[in-house]
Structure formats: C-alpha cells, structure tokens
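Below are the chains, spelled out letter by letter.
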Amino acid sequence: MTIKSENKLHELLRINDELNHIKDIDSLLDTILYETRRLTNADAGSIFLLEEDRLNFSYVQNDTLKKENPHNNKEIYSNFSISIDEQSIAGYVALKGKSLAIDNVHELSGRDVPYSFNCSFDEIAGYRTTSMLTIPLITTRGAVIGVMQIINAMNEKGEVIPFSDSDESYSTFFAANATSAIEKGKMTREMILRMIKMAELRDPKETGAHVNRVGAYSIEIFQRWAHIHRWKFDQIKKYKDILRIAAMLHDVGKVAISDTILKKPARLDEQEFKIMKTHAYQGAKLFKGNVSDLDDLCYEIAYSHHEKWNGQGYPRKLRGEAIPLAGRIVALADVYDALISARVYKDAWREEDVLALLKEEAGHHFDPELVSIFLEIYDVIKAIRKKYPDQHQ
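What you are looking at is a predicted structure, and each value in this text was computed from that prediction instead of being measured.

As for the packing of aromatic side chains
In this structure the tally under the stated criterion is 16 aromatic pairs. Note on F48 and F80: the rings are 6.2 Å apart at their centroids and 70 degrees apart in plane angle, and the pair reads as edge-to-face. Remark: F80 occurs in the loop between α3 (63-68) and β3 (81-83) and F48 occurs in strand β1 (residues 42-51); sequence separation between them is 32 residues. With a relative accessible area of 4%, F48 lands in the buried category. Measuring from ring centre to ring centre gives 4.6 Å for F222 and Y239, while their planes differ by 40 degrees; the resulting arrangement is tilted. With F222 in helix α7 (residues 208-228) and Y239 in helix α8 (residues 233-248), the pair connects residues that are 17 residues apart, well separated along the chain. In this structure, F222 and Y239 share a single accessibility class: buried. By the ring-pair criterion, three or more aromatic residues cluster together here, those being Y217, Y336, F374 and Y378. One Lys or Arg, R316, reaches over the ring of Y303 and ends 3.8 Å from the middle of that ring.

Listed below in structure tokens is the structure:
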C-alpha cells in the first residue's frame, strides 16, 4: 500500500483525474479515503460530511478489522453525528478549518487542549487508535463541508508511528482537490433523490429511504458476488459506482402510470395489472440512448428487475442467467425492502416471515446464489435499514 515519496506527486495527479470520472458519492468517499490512506500508509480512516450544522458519519475503512472479517461492511452504515465544537477532534478541526496531527490520542488528557478522544468505537470494535491526522474538507469558497480522519500511520514493519509533516502536506493538498468532487457527488445524489420525490408524489411506495436502501443492498450483494466470482478490484469499483445510482432508479418508469392505478387502495384487476407492468419498459425507455455505462445499467435494471429466475416474471419472461446480474440483484433487494417496510396500505412483515419467503423463493423468483449471499451478509443489510429509516420511524 505504501507509495514512495518520489511517486506521490504523480499519484496525486492520477487520483484527481480518477475522481472526475466517479459518479456516486459513496464511491467517491471510498476512493478518497482509500487513496489518502495509501498516500500516508494509514491503517484506517473515516469521513464526516456536514449536514444541518452537524458532522454526519459518512464512510469508514479499517484494514485491521477488515482482515478479521473481510465481508462485513456494516460499519460503513453506522448512523451518528458530531457537533461542530471544540469538544471532539473532528468538531474542533471543522470549527477551526485547519488540519490537526496527533501522535498519540491517549496522551491528550495531559495536554492543555479543549478536545478529547472518544474511545467508544475502539471499545466496541476491539481496535486501538493511536496516531491521528484530521483534515478539514474546504471548498474553493472557503466553506467547510466535512472532515476526514486518517488513523494509525504504519512503518515498513507494520508498527504504528506518528504522521509526518509530509503526510499532512500531501493529505491537505489532496483533500482540497477532493472536496470539489464531493460537492459534485452530493449534487448528483440530490438530483436523483429529487427525481424519486417526483415519483413519490405519484406512488407512495417510492420513497427516498426505500431507494437508498435498495441501492445500498444492491452494492453489498454485488460486492460479495464479485469476490466469489473473482472479479478484479478495478472492475468491482467501476461497477459499484454506477450500480447504486441505477438501482435507485429501478422504478422510475412508474411516472408513466396513471394515478388511478398507482394509488388504487384495492388489489389491481387483470387489465390494471397489465398496464402497471408496462412501467418496466417505460423506465427502460428513458435510458434507451445508451450514451454511457450508467445509461446502459439503468436501462438494464429498469427493464429486468421484475423478471424471475424461473421465467415467470415480466416483461420478457427471461429465465435464469439470461436475466442480467444487476436485474437479479435489484429484484431481491426491492422485494425484501417492500415486504419488511410498513406502507400506508400495509403493515411490515415480520422479519422471520420475510427471510422464510426469500429462502422459499430461491430458485423460483430469485437467483439462489444471490439469496445465499444476502443471508450471509444479513448483518450489513440490517445496518443499512437502520441507516436509512422511513420518515415515520
């Protein structure tokens, strides 16, 4: 993971170019945190983004904990925030707008500083934070939009050491460039959620929380599937970037369905259901221009997420692996979330009943391998549900 000093400037230029091609905000945060850690040879790190005058925990990486449990990403979906004040390290850096390097966070109590180290994460995770570099994410307009914390710089022997002055210089320079990419990524996510809100005015099932959950479930299922099938790191990264966005737009074709059908409080009759099923094609048609990989995947998911493994789905009655992988993934993610969530027209199913149905439908409605993966990563699925609750919750 270490980058030699003479190569760091070249790497910074390469990474900045890469950031300009990433579309999804979570993929951006993943790349920014990974590359900053690579520049500083750091074991772990996290990013907090500013939302409504608080720093919201937005992304985390930890190589040590990953080695112990390589397929459990539930920490990414932790849901907490920090005040912007002098009491916490992240809050202090956001308030002052200047980076802060600490050689040993456990020696802060003896120093005359207002902030302190919160050891609760270490206690829960069984980790020990020692050295820390905290960097404000500042826009070209001088506004702080978040904070990045890099934890435990490592030497060539794998021992924890303090962050150097050059680590701080490179990281601060990189953070300044990464911030504009984060701003664009947040705008993209907001635009998608606005499209969903428009659909929500028509169809109460399509909420921002629902599509965020479906998008997050989908990338977690895919990532485990891709590791099993030995996809390369760069392939996984590129596909994840567009999969989350495309999965969130899976039902956008419902804007073409009339309110009398979408909002009917009773069961649809045969003719009404026939019309409802056209939303798959109507959604695909929105992306038919195929001007980008994202358009291609949006088209694929919109068109195929109601197909069934046994060939009894719609609109094309595709069977088995003839159904695109992304369509098979979103089918599972969407049905699970629809069943386990309460809606104005139904109560939430009991968790054990939902899981029993998924197992029963493996090989019928759903790709059996994906159901097995879903159950394997179920701790992550539950963390996602907690991260993106429905408003009434």
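Further notes follow.
Considerations on the packing of helix α2 (residues 25-40) against α8
One way to put it is that α2 packs onto α8 with a least axis distance of 9 Å and a crossing angle of 145 degrees. Contacts between α2 and α8 involve D26, S27, D30, T31 and E35 on the former and, on the latter, K237, K240, D241 and R244.

Considerations on empty space enclosed by the protein
Taken as a whole and assessed by the stated rule, the structure comprises one cavity of 30 Å³ or more. The calculated volume of the largest cavity comes to roughly 40 Å³. Forming the boundary of the largest cavity are E307, K308, W309, I323, R328, A331, H365, F366 and D367. Considering only residue class, the lining of the largest cavity consists of four nonpolar, one polar and four charged.

Side note on the nonpolar core
The biggest cluster of nonpolar side chains holds 101 residues, and the ones touching the most others in it are L19, I47, I89, M148, F222, Y336 and F374. Leaving out residues up to four positions away in the same chain, F222 has contacts with W231, I236, Y239, K240, L243, L325 and I329.

Considerations on the pattern of salt bridges
By the definition in use, this model includes 19 salt bridges. When the shortest N-O distance is used, the salt bridge between D26 and R189 registers 2.7 Å. Of this pair, D26 sits in helix α2 while R189 sits in helix α6 (residues 165-202), placing them 163 residues apart in sequence. Residues D26 and R189 agree in their burial class; the two are buried. One salt bridge connects D353 with R350, and the closest N-O pair in it is separated by 3.0 Å.

Some remarks on the pairing of β1
Of all the ten residues making up β1, eight are buried; the element is thus mostly covered by neighbouring parts of the structure. Judged from the seven bridges that link them, β1 and strand β6 (residues 144-154) form a sheet pairing that is antiparallel. Bridge assignment links A42 to a residue of β6, and that residue is A153. Both β1 and strand β2 (residues 54-62) contribute to a ladder of eight bridges, which runs antiparallel. Along β2, the bridge assignment pairs I47 with Y59. Hairpin connection of β1 to β2: two residues between the antiparallel strands, including E52 at a positive phi of 50 degrees.

A look at unusual backbone geometry
For the bond from Y314 to P315, the omega torsion is 10 degrees, close enough to zero to count as cis. Mapped onto the elements, P315 comes out in the loop between α12 (293-304) and α13 (325-340). Its identity is not glycine, yet N41 carries a phi of approximately 50 degrees, on the positive side. Mapping N41 onto the fold places it in the loop between α2 and β1. The exposure class of N41 is buried, given its relative accessible area of 15%. Of note in this structure, K317 is not a glycine but carries a positive phi near 55 degrees. Within the secondary structure, K317 is located in the loop between α12 and α13.

Some thoughts on the environment of I242
The residue I242 is located in helix α8 in this model. Counting along the chain gives 52 residues from I242 to L294, while the straight-line C-alpha distance between them is 5.5 Å. Once residues lying within four places of it in the same chain are set aside, the contact partners of I242 are K23, D293, L294 and L297.

Side note on α7
With 21 residues, α7 should reach 30 Å at 1.5 Å per residue; the first-to-last C-alpha distance of 31 Å fits that figure. Of all 21 residues in α7, 18 are buried; the element is thus mostly enclosed. In the segment just after α7, R230 is the residue with positive phi, at about 60 degrees.

Some details on the pairing of β6
Counting buried positions along β6 gives nine out of eleven residues, so the element sits mostly inside the fold. With seven bridges connecting them, strand β5 (residues 132-138) and β6 associate as antiparallel partners. Looking across to β6, one finds that L137 is bridged to G146. Here β5 hands over to β6 after five residues, with G142 in that stretch at a positive phi of 85 degrees. Pairing of β6 with strand β7 (residues 160-161), which is carried by two bridges, proceeds in the antiparallel orientation.

Rules behind the numbers
Residues numbered from 1 in each chain as written. Predicted model: local features only at pLDDT ≥ 70, side-chain atom pairs only at ≥ 80, totals over all residues. Heavy atoms only, no water. Phe/Tyr/Trp six-rings, centres within 6.5 Å; stacked < 30°, edge-to-face > 60°. Helix = DSSP H or I, 4+ residues; strand = E, 2+ residues; numbered from the N terminus. Buried < 20%, exposed > 50% of the residue type's maximum accessible area, 1.4 Å probe, protein only. Lys NZ or Arg CZ within 6 Å of the ring centre and 35° of its normal. Axes fitted to C-alpha atoms, helices over the stretch in contact; angles between N-to-C directions. Contact = heavy atoms within 4.5 Å. 1 Å grid on protein atoms, 1.4 Å probe; cavity = no way out; pocket = protein on both sides within 12 Å on 5 of 7 lines; lining within 4 Å. Points joined across faces, edges and corners; volume = space filled by probe spheres on them. Nonpolar A, V, L, I, M, F, W, Y, C, P; charged D, E, K, R; others polar. Core = buried A, V, L, I, M, F, W, Y, C linked by side-chain atoms within 4.5 Å. Salt bridge = Lys/Arg side-chain N within 4 Å of Asp/Glu carboxyl O. Pairing = 2+ DSSP bridges. Expected span 1.5 Å × (residues − 1).

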